[in-house]
Amino acid sequence: TNETHQRLACPKCIQLGLTPTYFCSQDCFKANYGVHKARHAVAKQALNLGRSIPSSTPTHRKTPPRDGVSCAITESPAMKLSLPAWGQSYGFTGTLRPALYSPRRSVPPNIRKPDYATHPAGVSQSEQRDRASNNAIRIYTSKELDGPNGEGGGLRHACQMGREVLDVAGKALRPGVTTDEIDRVVHEATIERDCYPSPLNYYNFPKSVCTSVNEVICHGIPDYREIQDGDIVNIDVSTYNKQGYHGDLNETFCVGNVDPEGRKVVKTSFDCLSAAMAKVRPGTLYRDLGTVIHKTAQKNRCSVVRTYCGHGIGSLFHTAPNVPHYHKNKAKGTMKEGHVFTIEPMINLGTPSDATWGDNWTAVTTDGKRSAQFEHTLLVTKNGFEILTARENEPVMQWNPDLINR
């Protein structure tokens, strides 16, 4: 996308002391203000919550007032661990509580960015056009997979970069580390590989990775809370390379002394993905994956989340096909050689139902019990499939607890 050289700053943001949001034109400002003004409401609420700010906080500050959800990394531990503004009256389903998170991390101008990266509402207009006009599942060619000269840089490269970044993030995970630190590691590792972290600003998601702890099903926002001994933590990494392709994968890690029930749901989620992948080949109906996932989860007395599904991926972050993970779904489409998509079953210890926190992103179990997930990006081949996000020298999924224990 072409960078805009003349930008309009939101005057209300400046009035409230917020870092201003910029718009490409007056028409852009008018078209998106209905969504953007919600930020002003959160900021006003935060300014009225004087009781949530420690009395030792100076009246005159060099930094802008709190936006209700973030603060500088130099703030006091009490400030960083305070509830975000929306959490003051929220009814949490489990024991996990959010903390504030750090300001948005910057991306160098030389990094290629998806269309939503600079959109004020994070909207992917290319995805919206695709939903409105495309009824077919894309078939990727060898040039698209391996780059125009077969020397890398295509879709396969984007997935390999995601694999490398997740491995770096997993090594950084341990008790006492914050998920905000994991976000920093992911952000920097992605930039080092000349890629853009796909989650960043996707429909205004504020971070470069999703970190989902314990009862969080998916889309957890990294914050200043420290990982505890006994937590299970999912790290969901997506990378967008300079050729314009996304790769997507995730794994759930056991941190320290995780109890048997926690380890069971992690292993079950791995087994569910593995069982579904075994069905991938030309001619398989996408809807049939949900049946094998359901049976695998049920055998271990776990449930399958129905709200979120796998998806096509490549030049778009999310596209056809939809890949539901539950039994008796009505997904359309038959697998063909060249299809690329994710399978990412979310498996719960208790009820399959979910709720969303007041941050409008974090999905949690309604009974507060734990959830786990594994994800790969897959290519349908002539006789089966290829795991595009596989570890080096691991062409098929193999359960190895040493790889997920921290």
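All of these numbers come straight from a predicted model, not from anything done at the bench.

Caption draft 1: Here's a closer look at the sheet that holds strand β5 (residues 216–218). In spatial order, the strands read β5-β14-β13; together these 3 strands make up an open sheet with antiparallel pairing. Sheet topology places β5 and β13 (354–356) at the edges, where each strand pairs with a single neighbour. Here the strands of the sheet are splayed against their neighbours by 40° on average, with no regard to which way each runs. Bridging between β5 and strand β14 (residues 363–365) involves 2 bridges; their strand directions are antiparallel. Bridge pairing in β14 places V216 opposite V364.

Caption draft 2: Inspection of the pairing of strand β6 (residues 232–240) at higher detail. Among the 9 residues of β6, 9 are classified as buried, and the element is accordingly described as predominantly covered. The alternating pattern of β6 places I232, N234, D236, S238 and Y240 on one face and V233, I235, V237 and T239 on the opposite face, and all of these are buried. The sheet contact formed by strand β3 (residues 196–197) and β6 spans 2 bridges and is antiparallel. Paired with P197 across the bridge in β6 is T239. Examined bridge by bridge, strand β4 (residues 210–213) and β6 share 4 bridges and lie antiparallel to one another.

Caption draft 3: Highlighting the pattern of salt bridges. Per the stated rule, a full pass over the model turns up 20 salt bridges. Notably, a salt bridge pairs K207 with D180, separated by 3.3 Å at the nearest N-O pair. Of the two residues, K207 sits in the loop between β3 and β4 while D180 sits in helix α8 (residues 179–192), which places them 27 residues apart along the sequence. For D180, a relative accessible area of 2% corresponds to the buried category. Here D231 ties to R225 by a salt bridge, and the two come within 3.1 Å at their closest N and O atoms.

Caption draft 4: Broad picture of the packing of aromatic side chains. Scanning the model with the defined rule gives 13 aromatic pairs in all. Ring centres 5.0 Å apart and planes at 65° place the aromatic pair Y202 and F317 in the edge-to-face group. You can see Y202 sitting in the loop between β3 and β4 and its partner F317 sitting in the loop between β9 (310–312) and β10 (319–323), a full 115 residues away along the chain. The two residues Y202 and F317 agree in class, both being buried. Centre to centre, the rings of F270 and F374 are 5.4 Å apart; their planes meet at 90°, and the pair counts as edge-to-face. A residue pair is termed long-range when its members are at least 10 positions apart, and F270 in helix α9 (residues 260–277) and F374 in the loop between β15 (371–373) and β16 (376–380) qualify at 104 residues. Take F270: its relative accessible area is 9%, and that puts it in the buried class. A residue is classified by how much of its surface remains accessible, and F374, at 3% relative accessible area, is buried. Taken together, the ring pairs in this structure connect W86, Y90, F92 and W357 into an aromatic cluster. Over the aromatic face of Y224 sits the side chain of K80, whose NZ or CZ is 5.0 Å from the ring centroid. Positioned above the aromatic ring of Y326, the side-chain terminus of R306 is 4.0 Å from the ring centre.

Reading the values: the criteria
- Residues numbered from 1 in each chain as written.
- Predicted model: local features only at pLDDT ≥ 70, side-chain atom pairs only at ≥ 80, totals over all residues.
- Heavy atoms only, no water.
- Pairing = 2+ DSSP bridges.
- Helix = DSSP H or I, 4+ residues; strand = E, 2+ residues; numbered from the N terminus.
- Axes fitted to C-alpha atoms, helices over the stretch in contact; angles between N-to-C directions.
- Buried < 20%, exposed > 50% of the residue type's maximum accessible area, 1.4 Å probe, protein only.
- Salt bridge = Lys/Arg side-chain N within 4 Å of Asp/Glu carboxyl O.
- Phe/Tyr/Trp six-rings, centres within 6.5 Å; stacked < 30°, edge-to-face > 60°.
- Lys NZ or Arg CZ within 6 Å of the ring centre and 35° of its normal.

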